Amino acid sequence: MRFGIIGAGSIGSIISKKFVKNGHDIKIADARGMEHLEGKDIAGTPVPVENAIKDIEVLIISLPTKAIPSIRNIINQVGEEVIIVDTSNYYPFRDDKIEEIENGMVESVWVSNQLGRPVIKAFNNLLAYTLENEGTCEDSSGRIAMAVAGNDPEQKQVVMDIVHELGFDTVDSGSLNDSWRQQPGTPAYCTELTKEELTKALKKANKEKAPLLRDKVIEKFAEEKEVKFSHKDVVNLNREIYNL
């Protein structure tokens, strides 16, 4: 398949390498300019952001939530047939407070509104380390699952098939309005669950409590900033606070 990726941070870079390894055609861009790709561990063809959207089937946007509005003019030029995937997670300490989200709008609904296009929510509820290192073959015991949300069943299935190819089971987490169930502060977020466990975790999510639990995790890391948390420490802390 032909993919464009806007954003060369941890998630965008890992996805680019995995896709190239699997034989896909990848173009990757940084919304701030080509110079920001220099020295980064990426795969595929580095291109200006306006070229990342040309002759592709799927566009993956992996930017901080607050940066999403900056690419609206680029997204306006994306073909209607292209599937757009949003990987972002909203953190007020990083993204500044976004009034609509603070007042209850679902993060990816806000993203879709800013872009003026439907999006599929995926690649957001696994840690970068998990995405890079924990993928396994389809019949593996304890295979980790990823949540995928969106309004178009056909587009969602394409994305779910891609996720399977990268080594993870998937759970259809519903419409874009339901995607809050896989956002920070919920039991589905960065807790490395199997398909069965993730299905239960999505149902267990509490929308009112999610922002409070999200901030509690961040506060815990801030309190122990001298401690070097391992990947498993992070997963276990999330599981503890999200009551798994």
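Residues numbered from 1 in each chain as written. Predicted model: local features only at pLDDT ≥ 70, side-chain atom pairs only at ≥ 80, totals over all residues. Heavy atoms only, no water.

### A word on the overall build of the protein chain
Then, in step 1: Summing up its helical and strand segments, the protein chain has 10 helices and 8 strands in all.
Then, in step 2: Computed over C-alpha atoms, the radius of gyration of the protein chain comes to 17 Å, within 12% of the 18 Å expected from 2.2 N^0.38 for 244 residues, which places it in the range of a compact globule.
Then, in step 3: The principal-axis extent of the C-alpha atoms belonging to the protein chain is close to 45 × 45 × 40 Å.
Then, in step 4: The burial tally for the protein chain puts 52% of its 244 residues in the buried class.
Then, in step 5: In the protein chain, once contacts between residues fewer than 6 apart in sequence are set aside, the share between residues at least 24 apart is 69%.
Then, in step 6: Summing over all exposed atoms, the protein chain offers an accessible surface of approximately 11600 Å²; the carbon and sulfur share of this is 47%. (Helix = DSSP H or I, 4+ residues; strand = E, 2+ residues; numbered from the N terminus. Rg over C-alpha atoms; globule rule 2.2 N^0.38 Å. Buried < 20%, exposed > 50% of the residue type's maximum accessible area, 1.4 Å probe, protein only. Contact = heavy atoms within 4.5 Å. Areas by Shrake-Rupley, 256 points an atom, 1.4 Å probe, with all protein chains shown as cover.)

### A closer look at the pattern of salt bridges
Then, in step 1: Inspection of every chain in the model, using the stated rule, returns 13 salt bridges.
Then, in step 2: Its salt-bridge partner being Lys121, residue Asp86 comes within 3.5 Å of it at the nearest N-O pair. Here Asp86 is found in strand E5 (residues 83-86), whereas its partner Lys121 is found in strand E6 (residues 120-121), with 35 residues between them in sequence. (Salt bridge = Lys/Arg side-chain N within 4 Å of Asp/Glu carboxyl O.)

### Structural notes on the sheet that holds E6
Then, in step 1: The strand order across the open sheet formed by 6 strands is E3-E2-E1-E4-E5-E6, and the pairing between neighbours is parallel. Taken across any chain shown, the strands that pair with only one partner, and hence form the sheet edges, are strand E3 (45-46) and E6.
Then, in step 2: As paired strands, strand E1 (residues 2-6) and strand E4 (residues 58-61) are joined by 4 bridges and run parallel to one another. What sits directly across from Gly4, in E4, is Leu59. (Pairing = 2+ DSSP bridges.)

### Side note on the environment of Ala147
Then, in step 1: By the element assignment, Ala147 lies in strand E7 (residues 145-148).
Then, in step 2: For Ala147, a relative accessible area of 0% corresponds to the buried category.
Then, in step 3: Through-space distance from the C-alpha of Ala147 to that of Asp172 is 6.1 Å; in sequence the pair is 25 residues apart.
Then, in step 4: Beyond its immediate sequence surroundings of up to four residues, Ala147 is in contact with Lys121, Ala122, Asn125, Val171, Ser173, Gln182, Leu198 and Leu202.

### As for the side chain of Asp95
Then, in step 1: In this structure, Asp95 sits in helix H3 (residues 92-95).
Then, in step 2: Judged by its relative accessible area of 2%, Asp95 is buried.
Then, in step 3: In this structure the side chain of Asp95 is engaged in a polar contact, spanning 3.2 Å, whose partner is the backbone nitrogen of Thr65.
Then, in step 4: A polar atom in the side chain of Asp95 sits 3.0 Å from the side chain of Arg94.
Then, in step 5: Those residues in contact with Asp95 that lie beyond four places of it in its chain are Pro64, Thr65, Lys66, Asn89 and Tyr90. (Polar contact = N/O pair within 3.5 Å; in protein donor to acceptor, adjacent residues only side chain to side chain.)

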